[in-house]
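Take a look at the letters that make up each chain.
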Amino acid sequence: MKLDSKIPEGPIAEKWDNHRFSSKLVNPANKRKFNIIVVGSGLAGGAAAATLGELGYNVDCFCYQDTPRRAHSIAAQGGINAAKNYQNDGDSIHRLFYDTVKGGDFRSREANVHRLAQISVNIIDQCVAQGVPFAREYGGLLANRSFGGAQVSRTFYARGQTGQQLLLGAYSSLSRQIAAGQVKMHTRHEMLDLIVVDGHAKGIITRNLANGEHRAWTADAVLLCTGGYGNAYYLSTNAVGCNVTAAFRAYRQGAGFANPCYTQIHPTCIPVSGDHQSKLTLMSESLRNDGRVWVPLDRENCDKDPNDIEEELRDYYLERKYPSFGNLAPRDISSRSAKEACDDGRGVGQGGRGVYLDFGDAISRLGESTIRERYGNLFQMYERITGENAYKRPMRIYPAIHYTMGGLWVDYNLMTTVPGCFALGEANFSDHGANRLGASALMQGLSDGYFVIPYTIGDYLASTGAGVLSPDSPEVKESLDKVKGRIDQLTSIKGKRSARSYHKKLGQIMWEYAGMARNEKGLNKAIGEIQDLRDDFNKELMVPGSGDRLNVELERAGRVKDFLDFGELLCRDALERKESCGGHFREEFQTAEGEATRDDENFAHAAVWEYQGREKIPKRHKEELYFDNVKLAVRSYK
Amino acid sequence: MNLTLKVWRQSGPKDSGQFETHLIEEVSEDSSFLEMMDQLNEQLLENGIEPIAFDHDCREGICGMCSLTINGFAHGPEDSTTTCQLHMRKFNDGDIITIEPFRARAFPVVRDLVVDRSSFDKIIQAGGFISARTGSAPDGNAIPIPKEDADKAMDAAACIGCGACVASCKNASAMLFTSAKAGHLNLLPQGQAEKDARVLNMVKTMDESGFGNCRNYGECSAACPKDISLDYIAKLNRDHAKAKIKNLFS
């Protein structure tokens, strides 16, 4: 596998300009000769499909939901960063670039991050023009809020529904292109394989979820905008349908998968309430501005009513351990501290996996009405889910899997190691390194979709020329047969266990050994357990009904099967990365005080995994990362 | 808690469908309604029965995919709540719960509790957008927008496109949905250029898609999980009348 990042020449601030000039263009009249497939309709996919359609390409866009407006980008709450410097507080493109590289714990590619910071300003303009109702000041200008990991106020937002509004903006542009006939939308379709001919991506195989029909679609290029793989842990803040299948199928067809072990764990989620739990709900991080995190000092007090536990019997562990940042310590650090407290037997609530987030002090200082004004909707959401009133009793929170920084390896053009197959948004690996800063996911999805791919895809198409594979070609037939064979295999096992039961078990293994803290012994154990689970899955799975109509169990089984394979890959990556960085914490690599120890000498690279065939261990490649513009430094929050 | 569920089963769009009764035991009051449905499906699977199909995705009340009519109410009896945010502690041990799909002529059943809401997409495609070519936008602060207008636009833009408004209306009218999108865009300066065409085309498509007429019953707004106000329907009616009159004289 050759990893050529294709980073353009020149100083960092000029690379993107230089690249746009040196990229080949497709003549407007020729664009209609090219067919492009876009898989996924979230911020990255929706923006890409709309923009490419507008440019004159023929686009086919696919999503598994019943309409493109439901992609999980919709659930992002906080906001979107942009280096507009509207607040005149010293922000700049270089500062956003710097914050993102540092926040990513020096494991991202500088050139990509700088481009992202440059494009961030165009995104806001574009979204405003589409009618996204961003928050405004009384004078009518755009409002900003501040967010973790930055000292400037650069986050644009639409109440607590920024992701929804940005997605609906992309969806409206996409709808316009659908009406114009430039984009054909295929809802309730799931991509089940990538068609590769002579090393180039030439199409996909889908299953129509509504009627079970399998079909091949051929094109000049395939864009995978299929999100992250957080659901490998079963319980995460992802939508229940989010899955790794499309990206994993591309990996099986030769696309390198980079840094799967980089997973982000969000510290403030509502804890698991029982075995029935199907997903976890995030509570905005902003709550930590006024809430104080604590657990009882003594184990025997864990079951007591928290209001009856006296002040001196409480351990405000974040304030104790990180006096200068206190309750606002970064995501990875506060997550790990919560785990430590619970591992010590001092967790609260169901199963002892929870810590208190207490607003008592803030309420007595500011009054209940101020707290209600600031966080009323969150308290209401908490009440709905837990049945508890957080004005009267501290909230219980616990960390949960939230975002995945790893993904398909892409070069500067967002192309994977399979020419013609591109990956955008959370599905690729490039911009966030080992840890993503808040309000940066939306920025990256839209940057890739609106402003990067329209240029870089032209360069690829102009060099290869139009030439869509015939639907009757043997390669297409072979892929189709392969997919049908896999479906038949799932329905013919006829065992006794449901796909969900395997998914749950996989999630437990992943969370236990590849969650917030990892070590060699645990990861090896996880790999063994996952392999056993997979063997059992292949013998004992039950999928009732047939594949020729809507069959939710069949859909689930296919996704779980890929998660079982992918989970092992994630653990292998975590095992080989013998350092702690960002979201990846290896217990063997920490300071005496329990802080992460990065190893820049040996691990300042992206690990890229190449599939070697069933039963073989995948091959690990490296893309060395260079830091010419931001100096490598240790993150400290003491 | 133990419950009796009367659930709609329909094997496909052409099947006439019927209710099936299932008993479910030991439901945790902390589980969400959809988690209770998951539990029921696992129970059916144990007996080798195909699970009940229903739509769901984010399970945090924002994607708009879940769509159950529970005891006759779209998204169930709790106000301002989607099905996925409804929790079992709102029910009592021994309850009999009736579960149906969102019913409307414009939302044909695909299977069991899954309906086809693509007619909503068609309404948006007819005019629920501002034509802003990528890359052609002026600076975001070039047009100041009074906070009050931006807030009103945001209130309308909060619509999640679930279709509870249609399912609750005895005429199966889509006026609340259509007016929310038209209202959001028509309230903003960026949306003025296409305002007339927008309302005419969206309403025309809505009518052609098989939705009924609005009679101002207000059930739609009462059932709306995002509390979209009836005011937007009034605004759409005004904008539509103005556009028609302008057309007449142009």
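Here the structure is a predicted model, which is why all the values come from computation and not from measurement. (Residues numbered from 1 in each chain as written. Chains lettered and ligands numbered in written order. Predicted model: local features only at pLDDT ≥ 70, side-chain atom pairs only at ≥ 80, totals over all residues. Heavy atoms only, no water.)

### Digging into the pairing of strand S14 (residues 355–358) of chain A
Residue and element names in this part refer to chain A.
No. 1: The alternating pattern of S14 places Val355 and Leu357 on one face and Tyr356 and Asp358 on the opposite face, and all of these are buried.
No. 2: Inspection of the sheet shows strand S12 (residues 292–296) paired to S14 by 3 bridges, in the antiparallel sense. The residue of S14 that forms the bridge with Val293 is Leu357.
No. 3: Pairing between S14 and strand S15 (residues 395–404): 3 bridges, direction antiparallel. Bridged to Tyr356 within S15 is Arg396. (Buried < 20%, exposed > 50% of the residue type's maximum accessible area, 1.4 Å probe, protein only. Helix = DSSP H or I, 4+ residues; strand = E, 2+ residues; numbered from the N terminus. Pairing = 2+ DSSP bridges.)

### Brief notes about a nonpolar patch on the surface
Residues and elements named next belong to chain B.
No. 1: A cluster of nonpolar side chains, contributed by Ile245, Leu248 and Phe249, occupies part of the molecular surface with about 400 Å² of accessible area.
No. 2: Structurally, Ile245 is set in helix H8 (residues 231–249).
No. 3: For Ile245, a relative accessible area of 47% corresponds to the partly exposed category. (Patch = residues over 30% accessible without salt bridge, like charges linked within 9 Å, V, L, I, M, F, W, Y side chains within 5 Å. Areas by Shrake-Rupley, 256 points an atom, 1.4 Å probe, with all protein chains shown as cover. Salt bridge = Lys/Arg side-chain N within 4 Å of Asp/Glu carboxyl O.)

### Remarks on the state of the cysteines
All names here are of chain B.
No. 1: Within the structure shown, the criterion is met by 0 disulfides over all chains.
No. 2: Looking at the unpaired Cys162, the closest cysteine sulfur is the one in Cys165, lying at 6.3 Å.
No. 3: In this structure Cys220 is a free cysteine whose sulfur lies 6.4 Å from that of Cys214, the closest cysteine sulfur available.
No. 4: Here Cys220 falls in the buried class, since its relative accessible area comes to 10%. (Disulfide = S-S within 2.5 Å.)

### Description of the sheet that holds strand S8 (residues 214–218) of chain A
Consider a sheet: its strands pair through backbone hydrogen bonds, and that pairing is either parallel or antiparallel.
All names here are of chain A.
No. 1: Read across the open sheet, the 3 strands follow the order S6-S7-S8; overall the sheet is antiparallel. Edge positions in the sheet fall to strand S6 (189–197) and S8, since each has one partner strand and no second. Across this sheet, the average inter-strand angle for adjacent strands is 25 degrees, counted without regard to direction.
No. 2: As judged from the 8 bridges shared by S6 and strand S7 (residues 200–208), these two strands associate in the antiparallel manner. (Axes fitted to C-alpha atoms, helices over the stretch in contact; angles between N-to-C directions.)

### Remarks on the nonpolar core
No. 1: Core analysis: the biggest nonpolar cluster contains 233 residues, and Ile80, Phe134, Leu223, Phe422 and Ile457 of chain A have the highest contact counts within it.
No. 2: Among the elements that take part in this core, helix H16 (residues 552–576) of chain A stands out by supplying 11 residues, more than any other.
No. 3: Apart from residues no more than four positions distant in its own chain, Leu223 of chain A is found in contact with Ile36, Ile37, Val38, Val39, Ala48, Leu52, Phe422, Leu424, Ile453 and Ile457 of chain A.
No. 4: Membership of the second largest hydrophobic core comes to 25 residues, among which are Leu5, Trp8, Cys66 and Leu113 of chain B. (Core = buried A, V, L, I, M, F, W, Y, C linked by side-chain atoms within 4.5 Å. Contact = heavy atoms within 4.5 Å.)

### Topic: the packing of aromatic side chains
All names here are of chain A.
No. 1: One pass over the structure, following the stated rule, counts 30 aromatic pairs over all chains.
No. 2: Seen from the ring of Trp217, Arg215 lies directly overhead, with NZ or CZ sitting 3.6 Å from the centre.
No. 3: A cation over an aromatic ring shows up here: Arg336 above the ring of Phe585, its NZ or CZ 3.9 Å from the ring centre. (Phe/Tyr/Trp six-rings, centres within 6.5 Å; stacked < 30°, edge-to-face > 60°. Lys NZ or Arg CZ within 6 Å of the ring centre and 35° of its normal.)

### Details of the side chain of Ser236 of chain A
No. 1: Position of Ser236 of chain A relative to the elements: it lies in the loop between strand S9 (221–224) and helix H7 (245–252).
No. 2: Excluding its chain neighbours within four sequence positions, the residues that come into contact with Ser236 of chain A are Gly230, Asn231, Lys279, Leu280 and Ile401 of chain A.

### Remarks on the sheet that holds strand S18 (residues 605–610) of chain A
Residues and elements named next belong to chain A.
No. 1: Spatial ordering of the open sheet is given by S16-S10-S18-S19, a layout of 4 strands whose pairing is antiparallel. Pairing within the sheet leaves two strands with one partner each, and these edge strands are strand S16 (407–408) and strand S19 (619–624).
No. 2: Contacting strand S10 (257–258), S18 and S19, H16 crosses the sheet at an angle of about 145 degrees to S18.

### Observations regarding the domain arrangement of chain A
Residue and element names in this part refer to chain A.
No. 1: Looking at chain A, the domain boundaries give domain 1 (266–272 + 284–398) and domain 2 (474–614).
No. 2: Distance from the C-alpha centre of domain 1 to the C-alpha centre of domain 2: 32 Å.
No. 3: Each side of the interface is counted separately: domain 1 has 7 residues, and domain 2 has 7 residues.
No. 4: Of the roughly 630 Å² buried between domain 1 and domain 2, counting both surfaces, carbon and sulfur atoms make up 59%.
No. 5: For the pair domain 1 and domain 2, the number of links is 0 salt bridges.
No. 6: Counting across the interface, domain 1 meets domain 2 through 1 residue pair in polar contact (both at pLDDT 80 or more).
No. 7: Top contributing element to the side of domain 1 that touches domain 2 by residue count: helix H9 (residues 331–343), with 5 residues. (Domains from an automatic or database assignment. Buried area = accessible area lost by both parts, 1.4 Å probe. Polar contact = N/O pair within 3.5 Å; in protein donor to acceptor, adjacent residues only side chain to side chain.)

### Points about unusual backbone geometry
All names here are of chain A.
No. 1: Of note, the phi angle at Asn85 is positive, near 55 degrees, even though the residue is not glycine.
No. 2: By the secondary structure assignment, Asn85 is in the loop between strand S3 (80–81) and helix H4 (93–103).
No. 3: For Asn85, a relative accessible area of 27% corresponds to the partly exposed category.
No. 4: Here the phi dihedral of Arg159 falls at roughly 45 degrees; this positive angle occurs in a residue that is not glycine.
No. 5: With a relative accessible area of 33%, Arg159 lands in the partly exposed category.

### Concerning the packing of helix H2 (residues 118–127) of chain B against helix H6 (residues 195–208) of chain B
Residue and element names in this part refer to chain B.
No. 1: Two elements in contact, H2 and H6, have axes separated by 8 Å at closest approach and are oriented at 155 degrees. In terms of their interaxial angle, H2 and H6 are classed as roughly antiparallel. The way H2 lies across H6 gives a crossing that is right-handed. Contacts between H2 and H6 involve Lys122, Ile123, Ile124, Ala126 and Gly127 from the former and Arg198, Asn201, Met202, Thr205 and Met206 from the latter. (Parallel < 35°, antiparallel > 145°, perpendicular 65-115°, else oblique. Left-handed = near helix turned anticlockwise from the far one by under 90°.)

### As for the interface of chain B and chain A
No. 1: Counting from both sides, the interface comprises 74 residues of chain B and, opposite them, 73 residues of chain A.
No. 2: For the pair chain B and chain A, the summed buried area comes to about 6,100 Å², and 52% of that belongs to carbon and sulfur atoms.
No. 3: Summed over the three residues of chain B that lose the most area to chain A, namely Asp57, Thr134 and Met154 of chain B, the buried surface amounts to 10% of that side.
No. 4: For the pair chain B and chain A, the number of links is 8 salt bridges.
No. 5: Viewed at the interface, chain A and chain B are joined by 46 residue pairs in polar contact (both at pLDDT 80 or more).
No. 6: If one sorts the elements of the side of chain B that touches chain A by residue count, helix H3 (residues 147–157) of chain B sits on top with 7 residues.
No. 7: Counted by class, the side of chain B that touches chain A contains 32 nonpolar, 21 polar and 21 charged residues. (Nonpolar A, V, L, I, M, F, W, Y, C, P; charged D, E, K, R; others polar.)

### A look at the domain arrangement of chain B
Residue and element names in this part refer to chain B.
No. 1: Per the domain assignment, the segments of chain B are domain 1 (3–111) and domain 2 (117–249).
No. 2: One C-alpha centre belongs to domain 1, the other to domain 2, and the line joining them spans 29 Å.
No. 3: Between domain 1 and domain 2, the residue contacts involve 19 residues of the former and 19 residues of the latter.
No. 4: For the pairing of domain 1 and domain 2, the buried interface totals around 1,400 Å² over both sides, and the portion due to carbon and sulfur atoms is 58%.
No. 5: When the area that domain 1 buries against domain 2 is broken down by residue, the three leading residues are Ser80, Ala106 and Phe107, summing to 37%.
No. 6: The tally of links between domain 1 and domain 2 comes to 1 salt bridge.
No. 7: A salt bridge links Asp55 to Arg117; the shortest N-O distance between them is 3.6 Å.
No. 8: Across the contact surface, domain 1 and domain 2 share 5 residue pairs in polar contact (both at pLDDT 80 or more).

### Looking at helix H1 (residues 15–22) of chain A
No. 1: Every buried residue belonging to H1 of chain A is among Lys15, Trp16 and His19 of chain A, and all of these are buried. For H1 of chain A, the buried positions fall inside an angular range of 90 degrees around the axis, keeping them on one side. (Arc of directions from axis to C-beta.)

### Remarks on the pattern of salt bridges
All names here are of chain A.
No. 1: Counting across every chain of the model gives 73 salt bridges over all chains.
No. 2: We note a salt bridge from Asp275 to Lys504, for which the minimum N-O separation is 3.7 Å. With Asp275 in the loop between strand S11 (263–269) and S12 and Lys504 in helix H14 (residues 499–514), this pair connects stretches of sequence that are 229 residues apart.
No. 3: For Asp275, a relative accessible area of 61% corresponds to the exposed category.
No. 4: Salt bridges linked by common partners bring Asp105, Arg107, Arg577, Glu579, Arg598 and Asp600 together as one network.

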